[in-house]
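As a plain string of letters, each chain reads:
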Amino acid sequence: MTRANSQDRALRDRAAAVIPGGMYGHQAVGLLPDDYPQFFKRGDGAHIWDADGNRYLDLMCAYGPNLFGYAHPEIDAAYVRQLGVGDTLTGPTALMVRLAEEMTEMVGHAAWAMFCKNGTDATTMALMTARAHTRRKTIVRAKGAYHGAAPWCTPRPTGTIDADHAHQIFCDYNDVASLEEAVAKAGDDLAAIFAAPFKHDAFIDQARPDLAYARKARELADATGALLIVDDVRAGLRVARDCSWSAIGVEPDLSTWGKCIANGHPISALLGSEKARKAAASIYVTGSFWFQAAPMAAALETLRLVRTTDYLERIAGMGERLSAGLTERAAAHGLGLRCSGPGQMPLYLFDDDPDLRKGFFFVSQMLDRGAYLHPWHNMFLCAAMTDADIDGVLNAAEDAFAALKREGPGLAPVDKLAFLAGGQR
Ligand SMILES: *Cc1c(COP(=O)(O)O)cnc(C)c1O
């Protein structure tokens, strides 16, 4: 590796002293190859600069929030303007009502909106709304699907108690029989079926929603009186200008939104249909910063760009070209690369790579060539990317695949269990 990294190493040392584990959650130390930077200092359009000043085309987009580009002139101007007028006030501004009007206008199933800060707030409110609506406890959700990091859904149970996870039954995504079985097991206590808009779990190939599965979820919710929830926190606005399942004609009762709805500014939302309005009005949920006006101004500007530009068609088109180009170039070097999921939210995994050593080597090679990829989490394209950026990634991959072909047989094993445990080696 020839990239400078002294600033990053110095920050890691200081962080190790004052931040537990050096970092936590999805930013935990050890979840990415050792030569990945932990700290950044700048973002502009489709690019990020690490603490040492190295520049990368960023295919992670902040793990989703960056949809139109970092430091977007119009979105950030709207944010800054509102910051100067009033942000955290004793109550909300008119922007909150307008944002609720615009989101319910845009999302077919939605008659009302509630705003919060993180996706986890929204999914937790969805859970509470469903339990309030049905006066039942049990939820059915797919194994391995991420819905946030509150005690009821955090993927690592350390620090939680059994009661936090009670009344949850798991099924296999896209498996109708397993969904039916889980719902049957819930008996007369089913409050909700949670669904990811498509299978976007880490470490395994992504999968589009099977139409029969989505329809069955709707049908079972209707038959039992439970609510159907689509967790669109990650995919919302990246696969449709509506709830992601609108594309397959299945409307949920509740949908959860976050990540990119204000292009990186902190706001998330729970949207609901008429049926769930009364229950939503009955739960007590709030936060000191949930009514901030500046992120709402940024969200309104983001929605304007969603309505008036061809961003969606462009990121989908660039994503398809990237995935097709990578598969083809990998194959030319005799490597099997699987690109799964929508092109604009791709996950790339190599064949015959159980401990991800090929994946780790490949993404490190790409990093050296100015592209920030992820070895086991889905990536994201943003509207600030250009065709030239995609060509740049494809050219870099040509060299990286050649290096992988050359050095693959001698690669050291990756301690997958250590990084699955959050790098606590
Ligand atoms: C990120 C994510 C969440 C949680 O959102 P946070 O803002 O991180 O709390 C929930 N559901 C899905 C599908 C997500 O990708």
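In this text the structure is predicted, and so the values were computed from the model without any measurement.

Draft legend 1. Inspection of the pairing of strand S12 (residues 347-350) at higher detail. The alternating pattern of S12 places Leu347 and Leu349 on one face and Tyr348 and Phe350 on the opposite face, and all of these are buried. One ladder, built from four bridges, connects strand S11 (residues 337-340) with S12; its direction is antiparallel. Looking at the pairing, Ser340 lines up with Leu347 of S12. Hairpin connection from S11 to S12: six residues lie between these consecutive antiparallel strands, with Gly341 at a positive phi of about 90 degrees.

Draft legend 2. Broad picture of the site of the ligand. Around the ligand sit Asn118, Gly119, Thr120, Tyr146, His147, Gly148, His200, Asp231, Val233, Arg234 and Lys259, and that is every residue in its neighbourhood. Here an oxygen atom of the ligand and a side-chain polar atom of Thr120 are 2.6 Å apart. At 2.8 Å from an oxygen atom of the ligand is found a side-chain nitrogen or oxygen belonging to Arg234. Protein coverage of the free-state accessible area of the ligand, which is 370 Å², stands at 88%.

Draft legend 3. Structural detail: the sheet that holds strand S7 (residues 190-195). In spatial order, the strands read S4-S10-S9-S8-S7-S5-S6; together these seven strands make up an open sheet with mixed pairing. With partners counted over all chains shown, the strands left at the sheet margins are strand S4 (112-116) and strand S6 (168-171), one partner each. The average undirected angle you get between the axes of adjacent strands in this sheet is 20 degrees. Against the sheet, helix H3 (residues 94-106) engages S4, strand S9 (254-257) and strand S10 (268-272), with an angle of about 125 degrees to S4.

Draft legend 4. Spotlight on the confidence of the model for the protein. Taken residue by residue, the protein gives an average pLDDT of 96. The fraction at 70 or more is 97%. Here helix H12 (residues 416-420) stands out as the least confident element of the protein, with mean pLDDT 63; S4 is the most confident, with 99.

Draft legend 5. Representation of the pattern of salt bridges in the model. The full count for this structure, using the stated rule, is 25 salt bridges. For Asp253, the salt bridge is made with Lys275, and the minimal N-O distance between the two is 3.1 Å. Highlighted residues: Asp253 in the loop between strand S8 (227-231) and S9 and Lys275 in the loop between S10 and helix H7 (277-282), separated in sequence by 22 residues. On the accessibility criterion, Asp253 (3% relative accessible area) is buried. Across the pair Arg329 and Glu398 runs a salt bridge, and its minimum N-O distance is 3.4 Å. Here the residue Arg329 occupies a position in helix H9 (residues 311-332), and Glu398 occupies one in helix H11 (residues 387-407), the gap between them amounting to 69 residues. Classification of Arg329 by relative accessible area gives partly exposed; the value is 21%. Via salt bridges that share partners, Arg218, Asp222, Asp253 and Lys275 belong to a single interconnected network.

Draft legend 6. A look at the packing of helix H5 (residues 176-186) against helix H6 (residues 211-224). Relative orientation of the contacting elements H5 and H6 amounts to 20 degrees, with a least axis distance of 10 Å. Between H5 and H6, the interaxial angle falls into the category roughly parallel. Crossing angle aside, the handedness with which H5 passes H6 is right-handed. For the pair H5 and H6, the contacting residues are Val176, Leu179, Glu180 and Val183 in the first and Ala212, Tyr213, Lys216, Ala217, Leu220 and Thr224 in the second. The residue makeup of the contact of H5 with H6, split by class, is seven nonpolar, one polar and two charged.

Draft legend 7. Structural context of the environment of Ala62. With respect to the secondary-structure elements, Ala62 resides in the loop between strand S3 (55-58) and helix H2 (73-85). Sequence separation between Ala62 and Tyr36 is 26 residues; the distance between their C-alpha atoms is 15 Å.

Draft legend 8. Focus on the domain arrangement of the protein. On domain assignment, one finds that the protein holds domain 1 (6-63 + 310-410) and domain 2 (76-308). One C-alpha centre belongs to domain 1, the other to domain 2; they are set 28 Å apart. Counting residues at the interface gives 24 residues for domain 1 and 19 residues for domain 2. Contact between domain 1 and domain 2 buries roughly 1,800 Å² in total, counting both sides, with carbon and sulfur atoms accounting for 55%. Considering only the surface of domain 1 that becomes buried against domain 2, Tyr311, Met345 and Trp376 emerge as the three largest contributors, covering 30% of it. Applying the counting criterion to the domain 1 and domain 2 interface returns two salt bridges. Where domain 1 meets domain 2, there are nine residue pairs in polar contact (both at pLDDT 80 or more). Considering each element in turn, the side of domain 1 that touches domain 2 owes the most residues, five residues, to H9. Class assignment for the residues of the side of domain 1 that touches domain 2 results in 15 nonpolar, five polar and four charged.

Draft legend 9. Region of interest: helix H4 (residues 119-134). End to end, H4 covers 23 Å across 16 residues, agreeing with the expected 22 Å (1.5 Å per residue, within 8%). Note on H4: the residue one or two positions beyond its end, Arg135, has a positive phi of about 55 degrees.

Draft legend 10. H6, seen in detail. With 14 residues, H6 extends 20 Å from end C-alpha to end C-alpha; this agrees with the ideal 20 Å at 1.5 Å per step. What H6 keeps buried is the set Tyr213, Ala214, Lys216, Ala217, Arg218, Leu220 and Ala221. If you follow the buried residues of H6, they end up packed against strand S5 (138-142), S6, H5, S7 and S8. The first or second residue beyond H6 is Gly225, which carries a positive phi of 85 degrees.

Draft legend 11. Geometry of the pairing of S5. Along S5, five of the five residues are buried, which leaves the element largely enclosed by surrounding structure. Here S5 shows no split at all, with Thr138, Val140 and Ala142 on one side and Ile139 and Arg141 on the other all buried. Pairing geometry for S5 and S6, over four bridges, is parallel. Residue pairing across strands places Arg141 opposite Phe170, the latter belonging to S6.

Criteria and thresholds
- Residues numbered from 1 in each chain as written.
- Predicted model: local features only at pLDDT ≥ 70, side-chain atom pairs only at ≥ 80, totals over all residues.
- Heavy atoms only, no water.
- Buried < 20%, exposed > 50% of the residue type's maximum accessible area, 1.4 Å probe, protein only.
- Helix = DSSP H or I, 4+ residues; strand = E, 2+ residues; numbered from the N terminus.
- Pairing = 2+ DSSP bridges.
- Near = heavy atom within 4 Å.
- Polar contact = N/O pair within 3.5 Å; in protein donor to acceptor, adjacent residues only side chain to side chain.
- Areas by Shrake-Rupley, 256 points an atom, 1.4 Å probe, with all protein chains shown as cover.
- Axes fitted to C-alpha atoms, helices over the stretch in contact; angles between N-to-C directions.
- Contact = heavy atoms within 4.5 Å.
- pLDDT = per-residue confidence, 0-100.
- Salt bridge = Lys/Arg side-chain N within 4 Å of Asp/Glu carboxyl O.
- Parallel < 35°, antiparallel > 145°, perpendicular 65-115°, else oblique.
- Left-handed = near helix turned anticlockwise from the far one by under 90°.
- Nonpolar A, V, L, I, M, F, W, Y, C, P; charged D, E, K, R; others polar.
- Domains from an automatic or database assignment.
- Buried area = accessible area lost by both parts, 1.4 Å probe.
- Expected span 1.5 Å × (residues − 1).

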